[in-house]
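Structure assessment
Letter by letter, the chains look like this.
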Amino acid sequence: MTNALPFLPNLPDHPQGTTGPTIKREQKPMPDAELELVSAPPAKAESATSKETRRYLAIHLPTLPTDRISRLQGNACWRLNAKQADQERPRIVVAKIKNAIRLVHLNEQATQLSLSAGMSLTDAKAAYPDIDVLQQDREADQLLLNAIADWCDRYTPLVAIDHAMQDHYGLMLDITGCAHLFGGEAALAKDLLARLFHQGFAATGALAPTPGAAWALSRFKNKNSDYNGCVKIKTVKDIEPALSSLPLAALRLTTDSVSALARLGLRSIGQLSLQPRAPLARRFGREILYKLDQAMGAIEEAISPRRPVAELMAERRLAEPISLETDIEQVTQRLARHLSEAMERKGIGARQFQLCLFRVDGRTFYLEAGTSRAERDSQIITRLFRERFASLQDDFDAGYGFETIRLCVLSSERLELNETSFLGSAKDDEASQLMDRLAARIGVENITRGSLENTHLPESAERKIPANQYIERPDQADDHMDDITLTRPLRLFALPEAIDAIASVPDGPPIRFRWRKILHTVTKVEGPERISDQWWAKPFPRQTRDYFRIEDDQGCRYWLFREGLYERGTDRPKWFLHGLFA
Amino acid sequence: MPAHAAIPVPDFFRRSQSAQNVMAKSDADKIRAYLNRSIAGIEKRTVTLQDIQTQIRVPIGIAEIDSILSSSRQTTAAQGIIANALHEIRVERGLEAANGAGFALCMGLTIARALLRKQTGKTAHLGIKPLAPVFWIADDFTRSEYGDFYGPGLKAYGIAPENLIRIHPKNREETLWVAGEIAATRGAASFCLIEIRGHPKEFDLTTTRRLMLRAQASGTPIILLRQSGQEEASAAATRWHVSPASSCNTGRNARNKIGKHQTHPLMHQFIGPPAFTVHLEKCRGANANQMTPWKIEWNPHDQCFALLAKPSRSPSRHNGSDHQARAKTHA
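Residues numbered from 1 in each chain as written. Chains lettered and ligands numbered in written order. Predicted model: local features only at pLDDT ≥ 70, side-chain atom pairs only at ≥ 80, totals over all residues. Heavy atoms only, no water.

**Description of the overall build of chain A**
Selection rule: By the criteria applied, helices consist of DSSP H or I runs no shorter than four residues and strands consist of E runs no shorter than two, each listed in order from the N terminus. Partly exposed residues are those whose accessible area sits between 20% and 50% of the maximum for their type, while under 20% is buried and over 50% is exposed, using a 1.4 Å probe and protein chains only. Residues are treated as being in contact if the distance between any of their heavy atoms lies within 4.5 Å. Where accessible areas are quoted, they stem from the Shrake-Rupley method and a 1.4 Å probe; at the residue level, only the protein chains shown are allowed to cover.
Along the backbone of chain A there are 15 helices and 21 strands. Considering chain A as a whole, with its 582 residues, one finds that 52% of them fall into the buried category. Within chain A, contacts between residues separated by at least 24 positions form 66% of all contacts whose residues are at least 6 apart in sequence. For chain A, the exposed area adds up to about 27900 Å²; of that, 51% sits on carbon and sulfur atoms.

**Focus: the overall build of chain B**
The helix and strand inventory of chain B stands at 10 helices and 12 strands. Expressed as a percentage of the 331 residues in chain B, the buried residues total 56%. Long-range contacts, defined as pairs at least 24 residues apart, comprise 71% of the intrachain contacts of chain B with a sequence gap of at least 6. By element, 52% of the accessible surface of chain B is carried by carbon and sulfur atoms, the whole surface being about 14000 Å².

**Details of the nonpolar core**
Residues and elements named next belong to chain B. The line we're drawing: The term nonpolar core refers to a set of buried residues drawn from Ala, Val, Leu, Ile, Met, Phe, Trp, Tyr and Cys, joined through side-chain atoms within 4.5 Å.
Counting 50 residues, the largest nonpolar core has Phe103, Leu105, Met107, Phe149, Leu193 and Trp240 as its most contacted members. By residue number, the principal contributor to this core is helix α4 (residues 97–120), which donates 12 residues. Setting aside residues no more than four positions away along its own chain, Leu193 makes contact with Ala104, Leu105, Phe135, Trp136, Ile137, Phe149, Ile223 and Leu225. Within the second largest apolar cluster, 33 residues are counted, among which are Ala188, Ala189, Ala215 and Ala237.

**Section: the packing of helix α13 (residues 325–346) of chain A against helix α14 (residues 378–392) of chain A**
All names here are of chain A. Quick note on the threshold: Orientation is described by lines fitted to C-alpha atoms, with helices fitted over the stretch in contact, and by angles between N-to-C directions that extend from 0 to 180 degrees. Working rule for handedness: look at the near helix, and if it is turned counterclockwise from the far one by less than a right angle, call the crossing left-handed; if clockwise, right-handed. Amino acids are sorted into nonpolar (Ala, Val, Leu, Ile, Met, Phe, Trp, Tyr, Cys and Pro), charged (Asp, Glu, Lys and Arg) and polar (every other residue, Gly among them).
Packing of α13 against α14 brings their axes to within 8 Å, and their N-to-C directions diverge by 145°. Crossing of α13 against α14: the hand is right-handed. Seen from α13, the contacting residues are Glu325, Ile328, Glu329, Thr332, Gln333, Ala336, Arg337, Ser340 and Met343; seen from α14, they are Ser378, Gln379, Ile381, Thr382, Phe385, Arg386 and Phe389. Broken down by class, the residue content of the contact of α13 with α14 amounts to 6 nonpolar, 6 polar and 4 charged.

**Some remarks on the confidence of the model for chain A**
All names here are of chain A. We count it as follows: Confidence of the predictor in every single residue is expressed as pLDDT, which spans 0 to 100.
Residue-level pLDDT values for chain A average 80, and 84% of them are 70 or greater. Counting contacts from residues 1–51, a segment whose pLDDT is below 50, to residues more than four positions away or on other chains yields 119 contacts. Below a pLDDT of 50 lies the segment residues 474–478, which in the model reaches 6 contacts outside its immediate sequence neighbourhood of four places, other chains included.

**What to know about helix α9 (residues 255–263) of chain A**
All names here are of chain A. Just so we agree on the cut-off: The arc under discussion is defined with respect to the helix axis, by the directions toward the C-beta atoms.
When α9 is considered as a whole, its buried residues turn out to be Ser257, Ala260 and Leu261. The buried residues of α9 occupy an angular sector of 95° when projected down its axis, which confines them to one face. Seen from the open side of α9, the exposed residues pointing more than 90 degrees away from its buried face are Thr255 and Arg263. Looking at the buried positions of α9, the neighbouring elements they touch are α10 (269–274), α11 (277–284) and α12 (286–296). Among the residues trailing α9, Gly265 stands out with phi positive, at a value near 85°.

**Quick word on the interface of chain A and chain B**
Interface size, as often reported, equals the accessible area lost upon joining of the parts. Stated formally: By convention, the term buried area covers the 1.4 Å-probe accessible surface removed from two parts as they join, with the contributions of both added. The salt bridge criterion pairs a side-chain nitrogen of Lys or Arg with a carboxyl oxygen of Asp or Glu, the two atoms within 4 Å. Counting of polar contacts relies on pairs of N or O atoms within 3.5 Å, with two restrictions inside protein: one atom must be capable of donating a hydrogen and the other of accepting it, and residues adjacent in sequence are counted only when both atoms are side-chain atoms.
At the junction of the two partners, chain A supplies 58 residues and chain B supplies 71 residues. For the pair chain A and chain B, the two sides together bury roughly 5500 Å², of which 58% comes from carbon and sulfur. Counting across the chain A and chain B interface gives 6 salt bridges. With a shortest N-O distance of 3.7 Å, Glu145 of chain B and Arg516 of chain A are connected by a salt bridge. Between chain A and chain B we count 22 residue pairs in polar contact (both at pLDDT 80 or more) in total. Considering each element in turn, the side of chain A that touches chain B owes the most residues, 9 residues, to helix α15 (residues 425–442) of chain A. In terms of residue class, the side of chain A that touches chain B is made up of 27 nonpolar, 10 polar and 21 charged.

Put into structure tokens, the structure is as follows:
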């Protein structure tokens, strides 16, 4: 489970007293049960040439922190309930800024009360003594924003979290090439914003050819109009008239720059763009002009998506949410079939798959499965995910069901058609598929191979490497099999176990010892083998150990050591049992 | 498993009558499988695993044990242990964990190598390179209680550390699942060692029977190592009770170890190669009267078993008479 955030609690079956639109899928004409094979939009490759065609949707969540609290106190869809929404009290979120407790976020009711962000808490309290005050919890807000971004993955694979300004929560979606799946970009934005509203978030959006313009419009264009509306700019040429009346803060400038420009009488973007550029750059640095150019589309700006963009993906939106494992498996198989056709056309095979399951209530599950060699057989892919489901059992809560399922190829390799050799490749196939299934079910980290290291220290003489990272070299000789030694035990304890031992002479081997409450009498001894720590490797080397091979009267063989040397190391050397011989 | 997959065309009817002994045996099996399938076809029932699978017997290298393992009517060449089957090895006490594991590895390796030689004619002498990896399934409890397999120590058992795939499931259900998957896959593992503690319900008669059938079908030897195990029923083809035996250092191994000085005065103080007291408790189709403990040694240089002491009626851990017995066997 890559992401199990406490995002959205389940929606109630029937929102009580709902006057607004209800959560019904029929509300939006969604292309139900439509199967689309989407090749992911190229992230940056052709951006220079196809600047005109890129479309960005900026989402602004102005009251995310207070919405989070309202959702926790009422239910997630509190905004739909008119009574509940009206009774919402003014609420402010405060944080300590420059040794004063100041307002950071306000909900809509608080905004109407002539309060504003940046005000000190004492002033606000003096004016409105019974206002709700909450401490800022940036971590929880960020988690929630991440969960919303996960949820937005259903619209486009390119979702970025907006880090332009602190304590401003927003998302940037690159919806190039995705809009037609939702009936056009306006419909997409409307659908997204409506769903956010249903989930109890105030959100504004803007569509523009550049991220900068979208950002500016989403925050400043319809500030006083209703939430969950969306502004739209068609082409780069339309950006300038749309932005000219907006304040300079819309350019994502720092407050210092904004106030410095304001002192010159420059308050709107239109005024700034009329100024000669060279003096501005000399006086304020390149930053301001850079941001301006980015917004206008003169300079390319790339967003950084949260997740790696899949090379190929297939998804299915379902008319009815499904929750049974067999159903999910069936859909997965159908998606896998589509993917394998696409992979065959491209001549590739996948090494890493990701299955995204979008739950009805907004939570998103990501399951990943890897293969040890390039695969494109839909049966094998389905089987891998079957093991993955089986391993999840308890962590996997279908809740009210999944409405969208997507299968992505995260990484791929060239795979020629019918690539088989004459030398028993069917056997290798089966073996590698076995390893993949095991890894999918019990985890890659639980399947290891050993690799010998060139060191004397018994604990580090063998390193565990994940079995799938092991590369077998056919020319690897069995050279290390030549020196067959019986001086190392078959089984080694990760932590040596302390024993009580009695030695006849201080530096000698033990004659009796007690391990796990059983007394053993020594009959045969070999040793000592003195192993010192690597003095150059650590600041405080471990004490020198004298290892003995021991056989007791019952025929069991042990590997014991004494830690520390008499008279030189410690006063009271301790005895340990480190391993067992067969 | 698709039942029709493994059946070859019955061209062996046309083979010459003067085939080798081994060939005659396997041909007979094939013919039997073919006839079984035709009968099943006539009777319109599905072909069961018993119909199509034959037992592959391989010798473990000690003639006396091999003859006991296989029923008397078989020819000398077909004597030995069933390779495509589940075998159970148990030890009673925790401190014997390594003895059980060592014997399991030796047994698995012997079977795997004999199987390879029989099927392809290749020999995997020192090192296990021509062989597929060995799978070891052990949960975290087993590893912490009895210790992890240690790469440098594995060499003595002919297994390169890279060739041992260690699988550590979270619980016993997963252990069983993993074992089942490996047992069902043909040729992925040269053998699979499952290590569990005691007699959990996940490894009862039914599940061991399932493992046994899968091993039969895929030809993968499966060894179930029960730590702190009792004498309980399971579907395994054989069950061995392993206990420690004091090592013997005057044999061929010792000569290899300290050179030509066969009668070094200090020799008796040295520890010899791995030695086991082995009691064959259960073996399908064998005579129970003959089952008395043997003392067996593993020769790490030649990678084979050697019998140190002939079976005696009373299981004895003292090796007072062992030297004489060993001298007889090696004479």
